[in-house]
Structures are given as structure tokens and as C-alpha cells.
Amino acid sequence: MTEVKVAVLGGSGAGKSALAVRFLTRRFIGEYASSADCIYTKHLCLDGRQIHLEIYDLCSQPQQGKLSLTDELHWADGFIIVYDISDRASFAFAKALLYRIRESHLAVCKKMVESSIFLVGNKQDLCHMREVGWDEGQKLAIENKCQFCELSAAEHYQEVVAMFTKVLRNTTSNFKVKEKRRPSGSKSMAKLINNVFGKRRKSV
Ligand SMILES: Nc1nc2c(ncn2[C@@H]2O[C@H](COP(=O)(O)OP(=O)(O)OP(=O)(O)O)[C@@H](O)[C@H]2O)c(=O)[nH]1
């Protein structure tokens, strides 16, 4: 069983919970409790490999101002950075997150950074209210050497699945490199972080 940990990060209301829940349950639910961080777990099979997936849906409010993210950066194997195409402030926040992740990972392994981050412009169904151009998202992704797509958690289930699948493939293909970096089991680190922050766990 391969363990994969993916952190979904982004500004408040960008659609982090909507994306995670859509991928895990196929359903789009209009409103989500946003007062606490959440780790969803799921077993799935990808390319014949059994995967125990943990998705960390980070409640954004406490992070908006500080961007330290040290625990999340250590915990996660892959990152999905979400912004809302109808909210320029969320794009600026996504940009700051990308820089923060890159600066912390560059010291470790450049190649890992390039394939384990996905920048997602969510709420494509609201393109009549668009504040961030597709080309701006693409440019930011190229500058940070990460993958990019625009989609709608509300309307594009297949695109959501395709995006998560790419993240999982890229993340698992990085594991050989990452194992060399990890001093000991990641399980104990995850447990430690969970104990400290008391996150809710949900099995889907
Ligand atoms: N139109 C539209 N609305 C969406 C989409 N995705 C999410 N929303 C809505 O945007 C709002 C915020 O979605 P959440 O998933 O709670 O956003 P979040 O990033 O988890 O927000 P926080 O928990 O506050 O950090 C909700 O009202 C969702 O219904 C989408 O693709 N299209």
C-alpha cells in the first residue's frame, strides 16, 4: 500500500473543500463548514497500485496573514493550489503560496517541486465574472514550473478527477527521491502534526 498525502491550499472561498469532496464523492455540495482543517482519507487503485490517500483540506482563514505553512509543507507529498477565477485576491494568495512552497522545497530537490504542485483556477463556470485571465494562470504556472488547469468543481467532475489523478501519478513517481530525504517513517510525522493541531479525519 502506497501512502500519498496531498494538501489542498488556497484563499478563503476558492473552492478547496468543493474540489476535494467532488473528487472523493462525485458530488458537488454547495456549502461546507470552513471553521476547521480536515483530513479526508480514501483507498483507491491507480495504475494497478493500491493507494491510501490523505487529502488535507486546509481551512484558509488562519493562514491568510502569515503563510508560514511549515507543518503542511513537511506533511504533504503533493500540493493543489486553488484560486477562484472570479476573485483576483485569491489569485494573489495562490501566487504567495507557490513562492512559499518553492522556496521551502528548492533547497531539497528541484525536480520534486516541478511535478508535485498543481495550480488550479476554479469556478470556470463563473467566467462571465472572471477577474483572472487563463493566460495569467498559465504564466504563473510556467514561472513556477508547476502544472495548471482551469475547471469548475461545480460542473466539471471528469476534469477534477483528471487533475487529482495527475497529482497522484506525479507524487508517487517522486517517492523514490523523497524516501532518500525522509529520515524515518512519515507516519509518525503525520501523527505528530495531527496530535498538535487536532484535525478532524473523515473517511469517504
Ligand atoms: N459557481 C461555483 N461555485 C463554487 C465552485 N466551487 C466552490 N464553489 C462555491 O464557493 C464557495 C466556497 O467553496 P469552499 O469549497 O467552501 O471553499 P474553500 O476554499 O474550502 O473555503 P474555506 O473553507 O473558507 O477556506 C461555496 O459556496 C461553494 O459552493 C465552482 O466550481 N463554481
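Residues numbered from 1 in each chain as written. Predicted model: local features only at pLDDT ≥ 70, side-chain atom pairs only at ≥ 80, totals over all residues. Heavy atoms only, no water.

Per an unreviewed UniProt entry, the recorded name for the chain is small monomeric GTPase, and the organism is Catharus ustulatus. UniProt, in the comment section headed Catalytic activity (unreviewed entry), describes the chain in these words: "GTP + H2O = GDP + phosphate + H(+)". Its UniProt record gives the chain the following Sequence similarities (unreviewed entry) comment, quoted word for word: "Belongs to the small GTPase superfamily. Ras family." (UniProt positions renumbered as here; feature names shortened; annotations may be inferred.)

Moving on, we get to the overall build of the chain. Within the chain, the secondary structure is distributed over 8 helices and 7 strands. Partitioning the contacts of the chain with sequence separation of at least 6, the portion at a separation of at least 24 is 76%. With the model as given, the accessible surface of the chain reaches about 9700 Å², and the carbon-plus-sulfur share is 53%. (Helix = DSSP H or I, 4+ residues; strand = E, 2+ residues; numbered from the N terminus. Contact = heavy atoms within 4.5 Å. Areas by Shrake-Rupley, 256 points an atom, 1.4 Å probe, with all protein chains shown as cover.)

Let's shift gears to helix α6 (residues 157-173). With 17 residues, α6 extends 24 Å from end C-alpha to end C-alpha; this agrees with the ideal 24 Å at 1.5 Å per step. Among all positions in α6, only Tyr-157, Val-160, Val-161, Met-163, Phe-164, Thr-165, Val-167, Leu-168, Asn-170, Thr-171 and Thr-172 are buried. (Expected span 1.5 Å × (residues − 1). Buried < 20%, exposed > 50% of the residue type's maximum accessible area, 1.4 Å probe, protein only.)

So, on to the nonpolar core. Grouped burial of nonpolar side chains is what soluble globular proteins tend to show. Grouped together as the largest cluster of nonpolar side chains are 31 residues, with contacts concentrated most on Leu-19, Phe-23, Leu-53, Ile-55, Ile-80, Val-120 and Met-163. Listing elements by their share of this core, those giving two or more residues are β1 (2-10), α1 (16-25), β2 (38-46), β3 (49-57), β4 (78-84), β5 (117-122) and α6. Among the elements that make up this core, the one with the highest residue count is α6 (7 residues). With sequence-adjacent residues up to four places away left out, Leu-19 is seen in contact with Val-82, Val-120, Asn-122, Leu-151, Ala-153, Val-160, Met-163 and Phe-164. One finds Ala-76, Ile-85, Ala-94 and Cys-146 within the second-largest nonpolar core, a separate group that totals 25 residues. (Core = buried A, V, L, I, M, F, W, Y, C linked by side-chain atoms within 4.5 Å.)

Most of β5 is tucked away, with 6 of its 6 residues classed as buried. Alternating residues of β5 divide into Ile-117, Leu-119 and Gly-121 and Phe-118, Val-120 and Asn-122, and every residue in both groups is buried. Bridge analysis of β4 against β5 gives 6 bridges, and the strand direction is parallel. Across the sheet, Asp-84 pairs through a bridge with Asn-122, a residue of β5. In this structure, β5 lies alongside strand β6 (residues 147-150), joined through 4 bridges in parallel fashion. The partner of Val-120 across the bridge, within β6, is Cys-149. Once the chain exits β5 it traverses helix α5 (residues 134-143) before rejoining the sheet at β6, and the crossover so formed is right-handed. (Pairing = 2+ DSSP bridges. Right-handed = clockwise from strand over helix to strand, strands pointing away.)

For the rest of this paragraph, the subject is unusual backbone geometry. Backbone geometry places Asp-47, a non-glycine residue, at a positive phi of 55°. Residue position: Asp-47 is located in the loop between β2 and β3. Residue classification places Asp-47 among the exposed positions, given a relative accessible area of 58%. Here the phi dihedral of Lys-123 falls at roughly 70°; this positive angle occurs in a residue that is not glycine. Here Lys-123 shows up in the loop between β5 and α5.

At a closest axis distance of 9 Å, the pairing of α1 and α6 adopts a crossing angle of 90°. By the angle class used here, α1 and α6 are roughly perpendicular. Seen from α1, the contacting residues are Leu-19, Ala-20, Arg-22 and Phe-23; seen from α6, they are Tyr-157, Val-160, Val-161, Met-163 and Phe-164. Looking at the contact of α1 with α6, its residues break down into 8 nonpolar, no polar and 1 charged. (Axes fitted to C-alpha atoms, helices over the stretch in contact; angles between N-to-C directions. Parallel < 35°, antiparallel > 145°, perpendicular 65-115°, else oblique. Nonpolar A, V, L, I, M, F, W, Y, C, P; charged D, E, K, R; others polar.)

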